Amino acid sequence: MLNAPINSVELEMQDQRHSLRGWADLAVLGSGRSEILVHAEGAYVTDAEGNRLLDGMGGVWCVNVGYGREEIAQAILEQARQLPFACPFRNTTNPPAARLSAKLADLAPGDLNRVVYSGGGSTANDSALRIVQHYFNHLGQDRKKQVLCRSEAYHGSTSVSAALSGMAANKIGFDSPDVGVNVLSAPYVYRRPDDTSEEEFCDLLLAECRDVIERVGAENIACFFAEPIMGMAGVIVPPHDYLRRISKLCHDNDILVIADEVVTGFGRLGEYFASDAIFEMSPDIVTCAKGLTSGYQPLGATIVSDRIFETIRTPMEEGALFTHGFTYSEHPICCAAALANIAIMEHEDLPGHVRTFGSRFREALSRLSDLPLVGEVRGMGFMHAIECVADRESKALLPPEARIGERIATHARREGLIVRPLGHLSVLSPPLVLGDTEIDFVERVLRKSISMAADELVREGVWCA
Ligand SMILES: Cc1ncc(COP(=O)(O)O)c(C=O)c1O
């Protein structure tokens, strides 16, 4: 079956009739088109029609080492033959899981030395919250239940991680469990209040957080969840020193800091973990997934400090166990894939590559700022967004019917580049292996695609330059 010839008509029919896919427009599912990817190599994917495309999305922010890595495929195959599954409970472990835990403890900041595995980023964040609740219950501080999150944040798609997320658009028609969320403003520098410097904006964000802590009471707040750079919100890079200051404010109030590094981890910003190395958050827990295996296997990890571990290791009742874990925690094949993935990153120094080529990437994209539709180009490392506006002075948005992100993505795809449309934004998070040739290509295609979209909008009378 693996090598069965691709019948794209049949596949499309099967997909359109039977899938219920995330972030799809269900109104057209059943009558629309399906994009079918069939092969990938390096930074490129090939679709069922034979088009070879530069994957500017890196899968979904995740294929960090690029596609076609034989070492990872071999590690998966060998582990499947050797031991495809092992019970992850009580005292049982398996070689890849034990080795990966030691590796993650080595790479993670500070005293983050204990790892809980799960199936991906959402469950890694769910695990983080359960551990925080467990920790404060152990300490007898059972009023500490409230959570600080940020507007437009994305922490996942399970009930709890979706509740922690601040994206209104992702909640339409869905219920949210009451996990005591207090939503702080996003550190959206580009859309900060007029006549406010970046420094003043940072002060305002800190003042807001201080007010919330005062109003809710530090004795009632358990933790602060934050992505170092907010991905789904549109690659929001916070103001200088914001994350260090807000994390310190939390720590001063005995509020645990959880860095969601599901996207920013594993080299995307030039470090294995960016929260401390770049942003000085001193997190108590780091969550990661995606780049941990570069998407070759599903795996999430919640890396917990020794302080938390030392507290929760004492049973709350005689014989009580740490009853948090999943059947597929410590999955040997996923852990083997992660180890092979990290070995590639280390061998090729991909974080170092990102530190060098990330600034070239940034410079190339920044040159697009001369296009009248482009309001801001922002990002860091291999994580960038282009924000389109109707008017650069007022930063007014184009009307929704302009579908600017979709338009640009459609043109780019025809030119051989996948970019991710997020409303009026075009997001780029490619594999970390791009060199000068690919970066030039991305710049060239985006310049052409944005210009073509602008011409269309003028022709349709939706916008004038
Ligand atoms: C910052 C962040 N956290 C968590 C998640 C959820 O990860 P997953 O889709 O693996 O559950 C995502 C997914 O995009 C993410 O961007």
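All of these numbers come straight from a predicted model, not from anything done at the bench. (Residues numbered from 1 in each chain as written. Predicted model: local features only at pLDDT ≥ 70, side-chain atom pairs only at ≥ 80, totals over all residues. Heavy atoms only, no water.)

Draft legend 1. Structural detail: the packing of aromatic side chains. Counting across every chain of the model gives six aromatic pairs. Ring centres of Phe-266 and Tyr-272 lie 6.4 Å apart, and the angle between their planes is 80 degrees; on these two criteria the pair is classed as edge-to-face. Note on Phe-266: relative accessible area 0%, which makes it buried. Taken together, the aromatic side chains of Phe-266, Tyr-272 and Phe-273 make up a single cluster linked through ring pairs. Looking at Lys-144, its charged tip hangs above the ring of Phe-136, at a distance of 5.2 Å from the centre. When the ring centre of Tyr-190 is taken as origin, the NZ or CZ atom of Lys-395, which lies over that ring, is 4.5 Å away. (Phe/Tyr/Trp six-rings, centres within 6.5 Å; stacked < 30°, edge-to-face > 60°. Buried < 20%, exposed > 50% of the residue type's maximum accessible area, 1.4 Å probe, protein only. Lys NZ or Arg CZ within 6 Å of the ring centre and 35° of its normal.)

Draft legend 2. Focus on the site of the ligand. Taken together, the neighbourhood of the ligand is formed by Gly-120, Gly-121, Ser-122, Asn-125, Tyr-154, His-155, Gly-156, Glu-227, Asp-260, Val-262, Val-263 and Lys-290. For the ligand, an oxygen atom lies 2.5 Å from a polar atom in the side chain of Ser-122. Contact between the ligand and Lys-290: an oxygen atom at 3.0 Å from a side-chain N or O atom of the residue. When the ligand is considered free in solution it has 390 Å² of accessible area, and contact with the protein chains removes 82% of it. Element by element, the count of residues in the shell around the ligand is highest for helix α5 (residues 121–138), at three residues. Split into classes, the residues belonging to the shell around the ligand amount to three nonpolar, six polar and three charged. (Near = heavy atom within 4 Å. Polar contact = N/O pair within 3.5 Å; in protein donor to acceptor, adjacent residues only side chain to side chain. Areas by Shrake-Rupley, 256 points an atom, 1.4 Å probe, with all protein chains shown as cover. Helix = DSSP H or I, 4+ residues; strand = E, 2+ residues; numbered from the N terminus. Nonpolar A, V, L, I, M, F, W, Y, C, P; charged D, E, K, R; others polar.)

Draft legend 3. Up close: the sheet that holds strand β11 (residues 374–380). Here four strands make up an open sheet; going across it, the order is β11-β12-β15-β14 and the pairing antiparallel. Each edge of the open sheet is held by one strand with a lone partner, namely β11 and β14 (420–422). Strand-to-strand twist of the sheet, defined as the mean angle between neighbouring strand axes without regard to direction, takes the value 20 degrees. Where β11 lies against strand β12 (residues 383–388), six bridges are found, and the strand directions are antiparallel. Bridging across to β12, Met-380 finds its partner in Met-383. (Pairing = 2+ DSSP bridges. Axes fitted to C-alpha atoms, helices over the stretch in contact; angles between N-to-C directions.)

Draft legend 4. View of the state of the cysteines. A full pass over the atoms with the stated rule returns zero disulfides. Unpaired in this structure, Cys-62 has its nearest cysteine sulfur neighbour in Cys-288, at a distance of 13 Å. Here Cys-209 is not disulfide-linked; the sulfur of Cys-250 is the nearest cysteine sulfur, at 4.8 Å. (Disulfide = S-S within 2.5 Å.)

Draft legend 5. Quick look at the side chain of His-155. For His-155, the location among the structural elements is in the loop between β5 (146–150) and α6 (159–164). Apart from residues no more than four positions distant in its own chain, His-155 is found in contact with Gly-121, Ser-122, Asn-125, Ser-161, Leu-164, Ser-165, Phe-225, Ala-226, Glu-227 and Asp-260. (Contact = heavy atoms within 4.5 Å.)

Draft legend 6. Summary view of the domain arrangement of the protein chain. Each assigned domain of the protein chain is listed with its residue range as follows: domain 1 (35–68 + 350–459) and domain 2 (70–347). Domain 1 and domain 2 are separated by 27 Å when their C-alpha centres are compared. With 35 residues of domain 1 in contact, the opposing surface of domain 2 contributes 33 residues. Considering only the side of domain 1, the residues that lose the most area to domain 2 are Trp-61, Met-380 and Met-383, jointly responsible for 25% of the buried surface there. For the pair domain 1 and domain 2, the interface holds one salt bridge. Two residues, Arg-191 and Glu-387, come together in a salt bridge whose shortest N-O distance is 2.8 Å. Inspection of the domain 1/domain 2 interface yields 20 residue pairs in polar contact (both at pLDDT 80 or more). Of all the secondary-structure elements, those providing two or more residues to the side of domain 1 that touches domain 2 are α2 (58–61), α12 (350–366), β11, β12, β14 and β15 (425–428). The element contributing the most residues to the side of domain 1 that touches domain 2 is β11, with five residues. Taken together, the residues of the side of domain 1 that touches domain 2 sort by class into 20 nonpolar, nine polar and six charged. (Domains from an automatic or database assignment. Buried area = accessible area lost by both parts, 1.4 Å probe. Salt bridge = Lys/Arg side-chain N within 4 Å of Asp/Glu carboxyl O.)

Draft legend 7. Quick look at the pairing of strand β6 (residues 181–184). Where burial is concerned, the two faces of β6 differ: the one with Asn-182 and Leu-184 is buried and the one with Val-181 and Val-183 is not. Pairing analysis gives four bridges linking β5 to β6, with the strands arranged parallel. Looking across to β6, one finds that Cys-149 is bridged to Val-183. At this point the chain moves from β5, through α6, to the parallel β6, and the crossover so formed is right-handed. (Right-handed = clockwise from strand over helix to strand, strands pointing away.)

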